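Geometric and topological summary
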Amino acid sequence: QATAIVKSIYWRWMQLKERLDLQARKYIEVSLEDLSRTPASVMQRIAGVIGVEPDFNLRRVEPGAADRWRSEMPLESCRYCEGQLAEYFDIMGYDI
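Reading guide: rules and limits
- Residues numbered from 1 in each chain as written.
- Predicted model: local features only at pLDDT ≥ 70, side-chain atom pairs only at ≥ 80, totals over all residues.
- Heavy atoms only, no water.
- Axes fitted to C-alpha atoms, helices over the stretch in contact; angles between N-to-C directions.
- Helix = DSSP H or I, 4+ residues; strand = E, 2+ residues; numbered from the N terminus.
- Parallel < 35°, antiparallel > 145°, perpendicular 65-115°, else oblique.
- Left-handed = near helix turned anticlockwise from the far one by under 90°.
- Contact = heavy atoms within 4.5 Å.
- Nonpolar A, V, L, I, M, F, W, Y, C, P; charged D, E, K, R; others polar.
- Salt bridge = Lys/Arg side-chain N within 4 Å of Asp/Glu carboxyl O.
- Buried < 20%, exposed > 50% of the residue type's maximum accessible area, 1.4 Å probe, protein only.
- Patch = residues over 30% accessible without salt bridge, like charges linked within 9 Å, V, L, I, M, F, W, Y side chains within 5 Å.
- Areas by Shrake-Rupley, 256 points an atom, 1.4 Å probe, with all protein chains shown as cover.
- Expected span 1.5 Å × (residues − 1).
- Arc of directions from axis to C-beta.
- pLDDT = per-residue confidence, 0-100.
- Disulfide = S-S within 2.5 Å.

**A closer look at the packing of helix 1 (residues 2-19) against helix 5 (residues 75-92)**
It is at 10 Å that the axes of helix 1 and helix 5 come closest, and there the two elements cross at 15°. Comparing their axes, helix 5 and helix 1 come out roughly parallel. Between helix 1 and helix 5 lies a crossing whose hand is left-handed. Mapping the contact onto sequence places Thr 3, Val 6, Lys 7, Tyr 10, Trp 11 and Met 14 in helix 1 and Tyr 80, Cys 81, Gln 84, Leu 85, Tyr 88, Phe 89, Ile 91 and Met 92 in helix 5. Across the contact of helix 1 with helix 5, the residue classes break down as 11 nonpolar, two polar and one charged.

Structure (structure tokens):
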């Protein structure tokens, strides 16, 4: 059921994204993986887009937290999720 929810969110975002004029807006896509791997770099990008100084408290970001599912989720469950969400992983640029 969780994969159906995630799939629905991805689908809705893809539909909405096509209709929005994102070039005219202050817009940036940030992946949780990038934020957890390189929080300072991602926060600097965000600060640049919104025009503020990159003075953020990064102590709450746990490096690698977004990748934890790979080691904690049973292999069968990982493969099931990857199969259900493969289309969206590809669109969003994720390597499976």
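**Notes on the pattern of salt bridges**
Within the structure shown, the criterion is met by one salt bridge. For Glu 29, the salt bridge identified is with Lys 17, shortest N-O distance 2.3 Å. Remark: Lys 17 occurs in helix 1 and Glu 29 occurs in the loop between helix 1 and helix 2 (32-37); sequence separation between them is 12 residues. In this structure Glu 29 comes out as partly exposed when scored by relative accessible area, which is 34%. Under the relative-accessibility criterion, Lys 17 is labelled partly exposed at 28%.

**Description of a nonpolar patch on the surface**
On the surface, Ile 50, Val 52 and Phe 56 cluster together into a nonpolar patch covering about 230 Å² of accessible area. You can see Ile 50 is positioned in helix 3 (residues 39-50).

**Digging into helix 1**
With 18 residues, helix 1 extends 26 Å between its outermost C-alpha atoms, agreeing within 8% with the 26 Å of an ideal straight helix rising 1.5 Å per residue. Among all positions in helix 1, only Thr 3, Tyr 10 and Met 14 are buried. Burial along helix 1 is one-sided: seen end-on, the buried residues are contained in an arc of 35°. Opposite the buried face of helix 1, by more than 90 degrees, sit the exposed residues Ala 2, Ile 9, Arg 12 and Arg 19. Check the buried side of helix 1 and you find it contacts helix 5.

**Notes on the confidence of the model for the protein chain**
Taken residue by residue, the protein chain gives an average pLDDT of 82. The fraction at 70 or more is 94%. Looking across the protein chain, the model is least confident in helix 4 (residues 68-72), with a mean pLDDT of 79, and most confident in helix 3, with 88.

**Here's the deal with the state of the cysteines**
Counted under the stated rule, the structure contains zero disulfides. Its sulfur unpaired, Cys 78 is 6.9 Å from the next cysteine sulfur, which belongs to Cys 81. According to the relative accessible area criterion, Cys 78 is buried, its value standing at 6%.

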